[in-house]
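One letter stands for each residue in the lines below.
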Amino acid sequence: ECIETLLQTSRIPRISIGNFDEDKETASGAWKESISSSLDTLDFDDLPRELSECSSVLNFFHVWQRMQSNLILWERVVRPRVDEENEVAFALKVFDDRPNAPHDISLLPFDLLVPSVKVDVWMFGVFLYELCSGGNPFHIGYQGDLRGADAFEKLYNWDETSAARNIEENIHDPLAQDLLRRILLPESERLSDIASALKHAFFNPKSVEAERLLEKFDERQMLRNETVIMKKVSNRTRTLIYHSMEKHCRIGFTTDQVTIPTSLVVLPYDIKWNNLQNRPIATSSGDISSTVEKLGRCLLEINKATARLSFWIAINTKMRGNEGDKFKSKMKHWLKRVRSDPSDIRIIAVQIVESIDCSLSYTGLCEEVLTLDSNISKAKPYMKDPMKAARKAIRENFDTIIELYESITLYLVDEVDMMPICPSDSKGLFPIRLDTNAALLKNTLLPFMNICVMKALAMGKFDGMKSLLGLPPTFETPESWKATEAGLVHTADDPHSLELFTSLQKFLRKSDLEAYLTNEDIAYNSSRESFNSGKSSSNEETSTAALSILGNTSVDFPPGDHTSDSIPMTELEALFRDFVPNRSFCGLKRVSTGDKDSPGIWTSQEIISQWEGETEVIELEQQLQKLKADLEKRKESEIQLKQVLDRLEALKLRDDESRTAVEDKMPTVTSDRGPELSASEICPHSTSQESSAARSSENSGNINPDCESANGKAKKKKRRRFRPWFGAC
């Protein structure tokens, strides 16, 4: 406070050092007296320690100048900004790299910021933002300091979503947009160094990657025009849109810009629409039952491996929590119960699942853990290293799936009923036929197909799986499929498990994608064939297109760059760009609610027409809900009114009873002029009134003798009232 007072009032004069003979003044100490004389209420020794301990004039003024600069720094940067309305304060973290800093950093309400290259990357991003937009992402003053608590709050809440929104609104260059989306992010998600930023297509606008980004920008603009906006939809439809494939792809492939339908299925056989069964059915001439059984089993095993991984992650999280020791003791108790009485395994599994905050759909997986096979749990590999066990299981099943494909046939899937789309004629661009390519199938197509499988299982369990693979309802569920039933943890009512599984699968395939990224043979051989009852058309065209990420397979991606996560999305976009240049996706349209950051769902025009026809019904339902809410409020008000009236009446009755009880308990008074007087008869007010009446009647001049005689008799019968000495109390 002393420092701030001195600096703000400028009580120390700006004396030129040249006016002093430093040696003479230092030896005599006159310079201290000169400064003391300029202070009104302070002596030199009363100054802050940093000033009062100065041994020379030059040292004093160096310290003083540093204090002045510190005050400027305090006002512009360090001083906390208080938001009185929300009762919070914001302070910028600072760093101090001086080797012998005299300050006690333990007194700070935050840890010192560690200087790093990523701080420079952020400043580079802000500089580039200013060059491209003419302004700053935040409200700043002339000196570049944040102005007001609102600017501090915006910076405090800054995340990927707010960055994307701000950049899209103020930056018009598509390449600059993409670069800034990678830089103006929280530190953990930001590019690791300036060299990584300089490799971006913004600095090489003629590269293949720049061309890809510009094409994607145009596709995004076209997608906005093609999207059907439905502001009023039913709760079920809103849930479908909110948990669409687009949302899961944003999570699984680290992107917020999905411009193509991603709900697809890749089959090693052909399917065709069956009017009798009203669904697509496999039409291959040979026996495909063995292929279908293996394909379905492997897809279900991948789902089950992910479910096991999520279960063990929940177990480990619970064990490492604040009540980890307590949970471990419970686990020992449960295991002893299972060994002593295996018939209680179901009950114990439910208790374990509830204790780790998982849904009851995980009970089957927990039973597998508790089930012993020759004194060894069936889930032993996952107990030791769940991540390694899950990765191994998924790779093995991927390899088995790839062996089933002699050719690749890609079908789009309607996200509402999770059935493949079969065109009515053979002139459409779908299905897309591709030559077998293990890398393309494993690293690009199967990740999307896995998400579709999870959505189909959530919708209809094994029946949903049959619909997705183009099997008739009469197809008998294989025993190998039933063996994976414990992994069916997805439900349509609670689709959040899909988000968890999508994130886990992204993490599991990360190492494979990074290896795939360095492979110079990333390419697919595609055949544009018209689908005509499984026969190739005469005008078959074959084209080979090399798909290379960022146009350069030797690009070294830093740890903070999520480009490797987005490889499947990047290649699927390139594939559709090659095969579907007119963006005609087999009649599917994207539907969105139009809300900010709302995902979209791809479905047929028939479904869209049904939803549009429900608009009037939805409006009436909303009006009905509002009226019901108003009626409920009115009923509550009536109940509250009745309660208040009853309470008021009860209080009045209690007061009356209390008053009567008090009067009954008051003592009686005996007068020498009459009988006993009750408490009510010695009321000061009534007594004075009656005395006044008596005096007025005595003083009355015109009195009838007969009336006087009658009154006298009445007075004899009537008790004598008087005011006792304590009546005034």
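Just above, that's the structure.
Scoring rules and cut-offs
Residues numbered from 1 in each chain as written. Predicted model: local features only at pLDDT ≥ 70, side-chain atom pairs only at ≥ 80, totals over all residues. Heavy atoms only, no water. Helix = DSSP H or I, 4+ residues; strand = E, 2+ residues; numbered from the N terminus. Polar contact = N/O pair within 3.5 Å; in protein donor to acceptor, adjacent residues only side chain to side chain. Pairing = 2+ DSSP bridges. Phe/Tyr/Trp six-rings, centres within 6.5 Å; stacked < 30°, edge-to-face > 60°. Buried < 20%, exposed > 50% of the residue type's maximum accessible area, 1.4 Å probe, protein only. Contact = heavy atoms within 4.5 Å.

Participant: Help me out: how do you make sense of the side chain of Ser162 in this one?
Facilitator: With respect to the secondary-structure elements, Ser162 resides in helix H8 (residues 160-170). A distance of 2.8 Å separates a polar atom in the side chain of Ser162 from a polar atom in the side chain of Asp159.

Participant: Help me understand the sheet that holds strand S3 (residues 228-229) in this model?
Facilitator: The strands that make up a sheet pair up through hydrogen bonds in the backbone, lying either parallel or antiparallel. Spatial ordering of the open sheet is given by S3-S12-S13, a layout of 3 strands whose pairing is mixed. Edge positions in the sheet fall to S3 and strand S13 (601-604), since each of these pairs with one other strand and no more.

Participant: So what exactly am I meant to see when it comes to the packing of aromatic side chains here?
Facilitator: The geometry of an aromatic ring pair is captured by two quantities: the separation of the ring centres and the angle between the planes. Overall, the coordinates contain 15 aromatic pairs when judged by the stated rule. Aromatic side chains Phe327 and Trp334 sit 6.4 Å apart centroid to centroid with 70 degrees between the ring planes, which places their arrangement in the edge-to-face category. Each member of the pair Phe327 and Trp334 is classed as buried. Aromatic pair Phe475 and Trp481: ring centres 6.1 Å apart, planes at 50 degrees, arrangement tilted. Accessibility assignment for this pair places Phe475 and Trp481 in one class, buried. In textbook terms, an aromatic cluster arises when at least three aromatic residues are bridged by ring pairs, as seen for Phe430, Phe576, Phe585 and Trp602.

Participant: Even after reading the chapter, I still don't get the side chain of Glu368, so can you show me in this structure?
Facilitator: In this structure, Glu368 sits in helix H17 (residues 363-370). Of the polar contacts made by the side chain of Glu368, one reaches the side chain of Arg308; its length is 3.0 Å.

Participant: Is there a simple way to think about the environment of Cys358 in this case?
Facilitator: Locating Cys358 in the fold gives a position in the loop between helix H16 (345-355) and H17. Here Cys358 falls in the buried class, since its relative accessible area comes to 19%. For the pair Cys358 and Ser310, spaced 48 residues apart in sequence, the C-alpha to C-alpha distance is 9.6 Å. Every residue in contact with Cys358, bar those within four places of it in the chain, is listed here: Ala314 and Val353.

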